[in-house]
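Fold and geometry: a report
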Amino acid sequence: MTENPQQSRQPGEWPVPQPVELDEHTYADHDERYMQRAAEKALHEMVLGSIRHHLTQQPSPAAIRTAAARWKNAITDLADELINTRRNER
């Protein structure tokens, strides 16, 4: 590594040209994003938990497979419906 004679720094220091200001707004955005991710993860876990519960209520492996296929088809149909709605909004 070549030393820059115009920049004085102590060994081990990062050569940061200007310090970064972290204001309250930055922290608020971070907290807001964290809470949004946590809420999305919780919703995802609730939905999967509900599907898992439904599948565990099935009496046989074949019934589990059939119920899973129904869930898959229902989710795909719902996604297609939402996609068409979004496309028509434009």
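One can find the structure itself at the top, above this paragraph.
In this report, the structure presented in the accompanying data block is examined. (Residues numbered from 1 in each chain as written. Predicted model: local features only at pLDDT ≥ 70, side-chain atom pairs only at ≥ 80, totals over all residues. Heavy atoms only, no water.)

A look at the overall build of the protein
- A tally of regular secondary structure across the protein gives two helices and zero strands.
- When burial is assessed residue by residue, the protein has 4% of its 90 residues classed as buried.
- Counting every atom, the protein has about 8,900 Å² of accessible surface; 56% of that belongs to carbon and sulfur. (Helix = DSSP H or I, 4+ residues; strand = E, 2+ residues; numbered from the N terminus. Buried < 20%, exposed > 50% of the residue type's maximum accessible area, 1.4 Å probe, protein only. Areas by Shrake-Rupley, 256 points an atom, 1.4 Å probe, with all protein chains shown as cover.)

Observations regarding the environment of His 54
- On the secondary structure map, His 54 appears in helix H1 (residues 24–56).
- Judged by relative accessible area, His 54 falls into the partly exposed class, the value being 34%.
- Sequence separation between His 54 and Ala 68 is 14 residues, and the spatial gap between their C-alpha atoms is 9.2 Å.

Comments concerning a nonpolar patch on the surface
- Together, Leu 43, Met 46 and Val 47 make up a nonpolar patch on the protein surface, roughly 300 Å² of accessible area in all.
- Locating Leu 43 in the fold gives a position in helix H1. (Patch = residues over 30% accessible without salt bridge, like charges linked within 9 Å, V, L, I, M, F, W, Y side chains within 5 Å. Salt bridge = Lys/Arg side-chain N within 4 Å of Asp/Glu carboxyl O.)

Here we look at the environment of Leu 55
- Tracing the backbone shows Leu 55 in helix H1.
- Note on Leu 55: relative accessible area 19%, which makes it buried.
- Each C-alpha atom, one on Leu 55 and one on Trp 71, is 9.7 Å from the other, the two residues being 16 residues apart in sequence.
- Apart from the residues lying within four places of it in its own chain, the contact partners of Leu 55 are Ile 64, Ala 67, Ala 68 and Trp 71. (Contact = heavy atoms within 4.5 Å.)

Keep in mind these values describe shape, not function.
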